[in-house]
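Analysis of the macromolecular model
Listed here are the chains, written in short residue letters.
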Amino acid sequence: SITEETVELLEPYLDMEDYNLETAKKVCGNVAGLCSWTQAMAYFYGINKEVLPLKANLTLQEGRLAAAQMELNNAQIQLDEKQKELDEVQAMYDNAMKEKQALLDDAEACRRKMNNATALIEGLGGEKLRWTASSKNFQNQIINLVGNVLLATGFLSYSGPFNQEYRNLLLQLWKKEMDNSKIPYSNDLNVTGMLVDNTTVGEWNLQGLPNDDLSIQNGIIVTKASRYPLLIDPQGQGKIWIKNKEKNNGLQVTAMNHKFFRSHI
């Protein structure tokens, strides 16, 4: 209940030099405490005069802080909800982008396949005539297979001892007999091409066999015939070829004057 007027009335006394606890104790110990109490009350009033507005302001600011904190909490809740929605939308966006990229990749792969297929179709379009002709040729080969095999086996079995001219004559005679017997065969039959491929012929040439038709025919007879061949080889070309060809197969070379060929009496 102390007021500003009361404090102003006390100030003349409070400013006196002997208005203190020590002096009061000397005059009257019973009232010394009252002297100290009045000083404390005046000091309290001065402090409280400054503190009360601060307390009121503190209460006001605490109320504002509570309201702001409540608004902040509500805003944080809304932010969390929006963030959750944003995360869901972001996930949907990412999935959509992945699906889009996958579709683009599939489209690009399909485009490449389509281009390759188009190029293949265009490239194969020109092969239609050749395939048609080849199919017809294969059909003719099937029909003529028996006669062609007969001519090839006859060549292997009987033409070995003869020269090129007589071998061709034998083939012509056999073809006449097959015509009389109505056995189909290929008019353009190449016995050499039927019995051996170019790769094998190339290997034979590297091994020393001459590249002429007669030598190649002789090589076919040597390698394809079921009987042991007897080579009349004055120039030694056949011997060189056989040695090179069978070098890795453990070929053993001997002669008629070897002891195993001598007659015993």
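The structure contained in this document is the topic of the report that follows. From a predicted model like this one, the values you see are computed outputs, not experimental measurements.

1. As for the overall build of the chain
- Scanning the chain from terminus to terminus reveals nine helices and zero strands.
- Walking the chain from its N terminus toward its C terminus, one meets helices and strands in the order α-α-α-α-α-α-α-α-α.
- At 63 Å, the chain has a C-alpha radius of gyration far larger than the 18 Å of a compact globule built from 265 residues.
- Expressed along its principal axes, the backbone C-alpha trace of the chain runs to roughly 180 × 60 × 25 Å.
- Across the chain, the fraction of contacts at a sequence separation of at least 24, relative to all contacts at a separation of at least 6, is 53%.
- For the chain, the exposed area adds up to about 21,300 Å²; of that, 58% sits on carbon and sulfur atoms.
- Within the chain, one finds 27 positive and 33 negative side-chain charges whose respective centroids are separated by 28 Å.

2. A word on the pattern of salt bridges
- Tallied over the entire structure, the rule returns four salt bridges.
- The salt bridge partner of Arg-111 is Glu-108, with a shortest N-O separation of 2.6 Å. Placement of both Arg-111 and Glu-108 in helix H3 (residues 29-125) is noted, with a separation of three residues, approximately one turn of the helix.
- The exposure class of Arg-111 is partly exposed, given its relative accessible area of 41%.

3. Some points on unusual backbone geometry
- Positive phi, normally seen in glycine, also occurs at Lys-182, with a value near 55 degrees.
- Checked against the element boundaries, Lys-182 lands in the loop between helix H5 (164-180) and helix H6 (191-195).
- Since its relative accessible area comes to 75%, Lys-182 is described here as exposed.

4. Digging into a nonpolar patch on the surface
- Side chains of Phe-162, Tyr-166, Leu-169 and Leu-173 sit close together on the surface and give an oily, nonpolar patch of about 340 Å² of accessible area.
- Here Phe-162 lies in the loop between helix H4 (127-158) and H5.

5. Comments concerning H4
- Asn-144 marks where H4 bends most, by close to 60 degrees.
- Buried residues of H4: Asn-144, Gly-147, Asn-148, Leu-151, Ala-152, Gly-154, Phe-155 and Leu-156, and no others.
- Residues of H4 that are buried sit in contact with H5, H6 and helix H8 (213-224).

6. Structural notes on H3
- Taking 1.5 Å per residue as the helical rise, H3 with its 97 residues ought to reach 144 Å, and the 134 Å between its terminal C-alpha atoms agrees with that figure.
- Within H3, the axis deviates most sharply at Asn-48, by approximately 30 degrees.
- Ala-32, Cys-35, Thr-38, Ala-42, Tyr-45 and Asn-48 are the residues of H3 that are buried.
- Against the buried residues of H3 lie helix H1 (4-14) and helix H2 (21-27).

7. A word on the side chain of Gln-217
- Residue placement: Gln-217 occurs in helix H8.
- Looking at Gln-217, the relative accessible area reads 9%, which means it is buried.
- Among residues more than four places away in sequence, those in contact with Gln-217 are Phe-155, Gln-164, Arg-167 and Thr-192.

8. Section: the side chain of Arg-167
- As for its position among the elements, Arg-167 is in helix H5.
- An unpaired buried charge is present at Arg-167: no salt bridge exists, and Asp-212, the closest side chain of opposite charge, is 8.1 Å distant.
- Leaving out residues up to four positions away in the same chain, Arg-167 has contacts with Phe-155, Ser-159, Gly-160, Phe-162, Leu-214, Gln-217, Asn-218 and Ile-221.

9. Side note on the packing of H3 against H4
- At their nearest, the axes of H3 and H4 sit 5 Å apart, and the two run at 55 degrees to each other. By the angle between their axes, H3 is oblique relative to H4. In contact with Gly-123, Leu-124 and Gly-125 of H3, H4 contributes Glu-127, Lys-128 and Trp-131.
- Here the contact of H3 with H4 is built from residues that sort into two nonpolar, two polar and two charged.

10. Some details on the packing of aromatic side chains
- Under the criterion given, the structure shown has two aromatic pairs.
- With a centroid separation of 4.6 Å and an interplanar angle of 45 degrees, the aromatic rings of Phe-162 and Tyr-166 are classed as tilted.
- Aromatic pair Trp-204 and Trp-241: ring centres 5.6 Å apart, planes at 70 degrees, arrangement edge-to-face. Of the two residues, Trp-204 sits in helix H7 (residues 198-206) while Trp-241 sits in helix H9 (residues 237-245), which places them 37 residues apart along the sequence.
- The class for Trp-204 is buried, based on a relative accessible area of 4%.

Conventions used here
- Residues numbered from 1 in each chain as written.
- Predicted model: local features only at pLDDT ≥ 70, side-chain atom pairs only at ≥ 80, totals over all residues.
- Heavy atoms only, no water.
- Helix = DSSP H or I, 4+ residues; strand = E, 2+ residues; numbered from the N terminus.
- Rg over C-alpha atoms; globule rule 2.2 N^0.38 Å.
- Contact = heavy atoms within 4.5 Å.
- Areas by Shrake-Rupley, 256 points an atom, 1.4 Å probe, with all protein chains shown as cover.
- Lys, Arg positive; Asp, Glu negative; His and termini not counted.
- Charge placed at Lys NZ, Arg CZ, Asp CG, Glu CD.
- Salt bridge = Lys/Arg side-chain N within 4 Å of Asp/Glu carboxyl O.
- Buried < 20%, exposed > 50% of the residue type's maximum accessible area, 1.4 Å probe, protein only.
- Patch = residues over 30% accessible without salt bridge, like charges linked within 9 Å, V, L, I, M, F, W, Y side chains within 5 Å.
- Bend = angle between axes of the 7 residues up to and from the residue.
- Expected span 1.5 Å × (residues − 1).
- Axes fitted to C-alpha atoms, helices over the stretch in contact; angles between N-to-C directions.
- Parallel < 35°, antiparallel > 145°, perpendicular 65-115°, else oblique.
- Nonpolar A, V, L, I, M, F, W, Y, C, P; charged D, E, K, R; others polar.
- Phe/Tyr/Trp six-rings, centres within 6.5 Å; stacked < 30°, edge-to-face > 60°.

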